[in-house]
Every structure is written in C-alpha cells, then in structure tokens.
Amino acid sequence: MAGRTRTGAGAAGQAIEISALSPVAGARAPGGRPTIMDVSARAGVSRMTVSRALRAPHLVREDTRRAIERVIAELGYVPDRAAEALSTRRSGFVGLVVPTLTNTNFADAARGLTEVIRREGYELLIGYTDYDENAMLRHVRDMLARRAEALVLPAGPRGPALRGLLAAETIPIVQMAGLASRPVNRMVGYSNREAGRMAARHLMALGHRRIGALGAAGDGLSCDHRGGERLDGFTEALREAGRSDALVLRMGNPPVSFTHGAQAMGHLLDQAPDLEAVFAVSDLVGVGALMECHRRGVRVPDDVSLIGFGGFEVGRQMVPALTTVAVDFRALGERTGGMVLDLLAGRPDVPRVVDLGVTLVERETTAFRPAACAPP
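First things first, this report covers the structure right here in the doc. Please read all numbers here as calculations on a predicted model, not as lab measurements. (Residues numbered from 1 in each chain as written. Predicted model: local features only at pLDDT ≥ 70, side-chain atom pairs only at ≥ 80, totals over all residues. Heavy atoms only, no water.)

1. Section: the overall build of the chain
Link 1 in the chain: Looking only at helices and strands, one finds 15 helices and 12 strands in the chain.
Link 2 in the chain: Contacts spanning at least 24 positions in sequence make up 73% of the contacts within the chain whose residues lie at least 6 apart.
Link 3 in the chain: Entry remark: accessible area of the chain is about 18,400 Å², with carbon and sulfur atoms responsible for 51%. (Helix = DSSP H or I, 4+ residues; strand = E, 2+ residues; numbered from the N terminus. Contact = heavy atoms within 4.5 Å. Areas by Shrake-Rupley, 256 points an atom, 1.4 Å probe, with all protein chains shown as cover.)

Put into structure tokens, the structure is as follows:
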C-alpha cells in the first residue's frame, strides 16, 4: 500500500515463521532481539507483569513500572505486536485513508487522531489515494485484511464496490472532513458547501461584482469531491444574489497545489482582466494565485480581493496575509479519535454526525471596492 506506515500486524507472516523455528517459544535466539522473557528475568518480575506494564501501566505499582521501563531501555526491547495480535486476535491499529499527503491540514487531523487513540494503546496506519477511488478500495481491502479495528475515511461519494465492502463490515467506520445529509456511517466534519457560500457572501458584502473562483475539474479517474462541493456552494450563493457564475473556473486534476493556483489565476486574469475578487478552493491554490498576481503587477487587495479555504499556516505568513474560510483540523482529528474510541468501547449514544463548522478569518487579501465605500 503506497504512502503508508506499517504498524501492528503488518509482519504477521514473518512472525509465525520465526516462532515456528525457535526451539523455545519466547526464548532469545543468539544475537537476536531481546524478548519479554529477558525483560522479566532482569527486572525480577513475571512476564504477565511486564505485559501489563506495557498495555496498562496505570495498573502496575510505580516502582515496579519504573524498574521495567529501565530494563526495557537497557535491553532495547521492542514488543512483538505481530505475535500479540495472533494471541489476542487484536491488531491494535486504526486505519486512516486520506486523499493526499501534500495537504498539511490532513497531517494536522492525523496528528490529532493519533494523539487521542494512543491514550488507549492504538496506533495509526495511514494510506493515501491521490483522489483515486480505486486506490481507496485497495487501501480499505488491505487494512481490513490486516485486521484494522476501526477505519477513518474521507467523506465523499463511494463507488458500488467500496459501498458493498463497507456495508458488510462490523468494525467502527467514521467519515471525516465533510458532512452528508444521510451518512452511511458516523461522520465528523463540516459543510464544504457552506464554506463556499460563506466565501461568496463575504466577497459580495465587500461590494465586488466581477467574482470568480478557482478549483480542480478532475478527469473521471480522480475527483476532489470536497473541493467540488465548496465550488457548488459558492456558485449557488452567487446565483441567489443575481450574480453571474461565468468566472467559476474548474481546471486541472487534483490534488491542487501552488502551481495549480498560479496557472488557474493566470488563465482567469487573461479571460477577465476586469476581475474584482476570487475564491480559491484551497489556501494552496490561494497562495499560488497570490504569487501570480505579484508576478503580473496585480495588486491584492487593491485590484483583486482573494479568499482561500483551510486556514493553512502558509496563508498566515504570506504578504499580504491570506483571508480564508478556516476549519480546526487538529480538533477534527481529536473529535474523530474520540468517536472511534467510544465506538470501540461500545459506549451508547455515540452521535452519528458531529459538525465542527467553518469560520471566516479576515486578513489582508480582501477589502471593500472603492465604489462600495462611496456615499450613495
């Protein structure tokens, strides 16, 4: 599985072979890795106590736990999670599939998710799809084959093969980074459509009339559903206000990037030199668009107002700083992790949908049109 980190039961087949060849189960082979028996012998405690100190340290006396930790550090002992998975039939990992690794917001969400599930001894196995539905299907199949105890997947439409695969599963499945009116599984996210509408309302409130937007089109094999929903919401808000959506530009394939933003902005400026404002479907696109404006001598926000989505760190550091519709992706991961743990523990009344909402963060790339400031 490309772009993932192997943890848990990823080497189960190898562990079985080694165990079968070992003369005594748990014994340390000459020059081999230290075993749990080596730790228990040197620490002067039972193997079960060592196991408990690793899995539930709060159940072990502090002086005993510290002695075990000291021996583990001295020996360089690494627990054999594959063998543990065979004996307990638990892999100890949660699978996460993200659309891309170039988006730092997904990294923030993964970090928040990891920190929460680690409190209960779970680790994260990550795969990425580059917005390819077939890659999503492969990752899910692989994670299920490795006995993932829960799955966290990006929100969005699913093909029939993946829908059928997930419908047959009994493990917790949580969709993240979007909302649906009728979720198939649990969902933690925000409304991408509302994010687009919020951006359009902000630009129109500033008095802009020639308003465009930048996003990806996709080619049938790859599609950014969440970005598409943001553009849909943006377009809807323009139409409801009686404004034209002719400058809403969908070009290129996901994942979007700085380069994509620069190229799309150049295309839009060539098409509409009198452009007044632009919504970028991601801050990555927004930063690229801003740099293209700098290259062309287009002043932001004096000539063109610019707003992005996501609340990326790079947007805060740009000159001028990028106005954006932001989501707390760290909190998104934490709430998702909490929901996963609640489902794994069988807790009642776990909500089906958690909406974290979106927030307009006004910075320096949006401003009133001069005509909008003039007296009537």
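There's plenty left to go through after this.
2. Some remarks on the side chain of R226
Link 1 in the chain: One can find R226 in helix α10 (residues 225-240).
Link 2 in the chain: Among buried charged residues, R226 stands out as having no salt bridge; its nearest opposite-charge side chain is D224, 4.5 Å away. (Buried < 20%, exposed > 50% of the residue type's maximum accessible area, 1.4 Å probe, protein only. Lys, Arg positive; Asp, Glu negative; His and termini not counted. Salt bridge = Lys/Arg side-chain N within 4 Å of Asp/Glu carboxyl O.)

3. Details of the sheet that holds strand β2 (residues 123-128)
Link 1 in the chain: Overall, parallel pairing links the six strands, which are arranged β2-β1-β3-β4-β5-β11 in an open sheet. Pairing within the sheet leaves two strands with one partner each, and these edge strands are β2 and β11 (353-355). On average, adjacent strands in this sheet sit at an angle of 20° to one another, irrespective of strand direction.
Link 2 in the chain: Note: strand β3 (residues 150-154) against strand β4 (residues 173-176), four bridges, orientation parallel. (Pairing = 2+ DSSP bridges. Axes fitted to C-alpha atoms, helices over the stretch in contact; angles between N-to-C directions.)

4. Digging into the environment of A135
Link 1 in the chain: Topologically, A135 is positioned in helix α7 (residues 133-145).
Link 2 in the chain: Measuring from C-alpha to C-alpha, the distance between A135 and S222 comes to 9.9 Å, with 87 residues separating the pair along the chain.

5. Overview of unusual backbone geometry
Link 1 in the chain: Here the bond from P254 into P255 is cis, since omega is 0°, no more than 30 degrees from zero.
Link 2 in the chain: Inspection of the secondary structure puts P255 in the loop between β7 (248-250) and α11 (258-271).
Link 3 in the chain: Cis geometry is found at the peptide bond from V300 to P301, where omega equals 10°.
Link 4 in the chain: Relative to the elements of secondary structure, P301 occurs in the loop between α12 (283-296) and β9 (305-310).
Link 5 in the chain: Positioned with a positive phi, A177 is a non-glycine residue whose angle comes to about 80°.
Link 6 in the chain: Looking at where A177 falls in the secondary structure, it is placed in the loop between β4 and β5 (186-189).
Link 7 in the chain: You will see that D349, though not glycine, has its phi angle at about 60°, which is positive.
Link 8 in the chain: Note that D349 resides in the loop between α14 (329-344) and β11.

6. A short note on the side chain of Q175
Link 1 in the chain: Tracing the backbone through its elements, the reader meets Q175 in strand β4.
Link 2 in the chain: Of the residues examined, Q175 reaches a relative accessible area of 9% and is grouped as buried.
Link 3 in the chain: Among residues more than four places away in sequence, those in contact with Q175 are L153, P154, A155, G156, R158, V184, R186, M187 and V188.

7. Digging into the sheet that holds strand β10 (residues 323-326)
Link 1 in the chain: Across the sheet, six strands lie side by side as β7-β6-β8-β9-β10-β12; this open sheet has mixed pairing. The sheet is open, and its two borders are formed by β7 and β12 (359-361), each paired with just one other strand. Neighbour-to-neighbour, the strand axes of this sheet turn through a mean angle of 20°, independent of strand direction.
Link 2 in the chain: Bridging between strand β6 (residues 211-215) and β7 involves three bridges; their strand directions are parallel. Of the residues in β7, the one forming a bridge with A213 is V248.
Link 3 in the chain: The sheet contacts of α11 involve β6, β7 and β8 (277-280), and relative to β6 the element is tilted by about 145°.

8. Focus on α14
Link 1 in the chain: Counted at 1.5 Å a residue, the expected span for α14 with its 16 residues is 22 Å, and the 22 Å between its end C-alpha atoms agrees.
Link 2 in the chain: For α14, the complete set of buried residues consists of F329, A331, L332, G333, T336, G337, M339, V340 and L341.
Link 3 in the chain: Note on α14: the residue one or two positions beyond its end, G346, has a positive phi of about 70°. (Expected span 1.5 Å × (residues − 1).)

9. Concerning the pairing of β5
Link 1 in the chain: In terms of strand pairing, β4 meets β5 through three bridges, oriented parallel. Bridged to M176 within β5 is V188.
Link 2 in the chain: Pairing of β5 with β11, which is carried by three bridges, proceeds in the parallel orientation. Bridged to V188 within β11 is V354.

10. Describing the pattern of salt bridges
Link 1 in the chain: Following the criterion strictly, the structure yields 24 salt bridges and no others.
Link 2 in the chain: One salt bridge in this structure joins R239 and D245, with 2.6 Å as the shortest N-O distance.
Link 3 in the chain: Put simply, E334 and R330 hold a salt bridge, and the shortest N to O gap is 3.8 Å. Of this pair, E334 and R330 both sit in helix α14, four residues apart, which is roughly one turn of that helix.
Link 4 in the chain: According to the relative accessible area criterion, R330 is partly exposed, its value standing at 29%.
Link 5 in the chain: Taken together, the salt bridges that share partners define one network made up of R111, E115, R330 and E334.

Worth remembering: the numbers are spatial, not functional.
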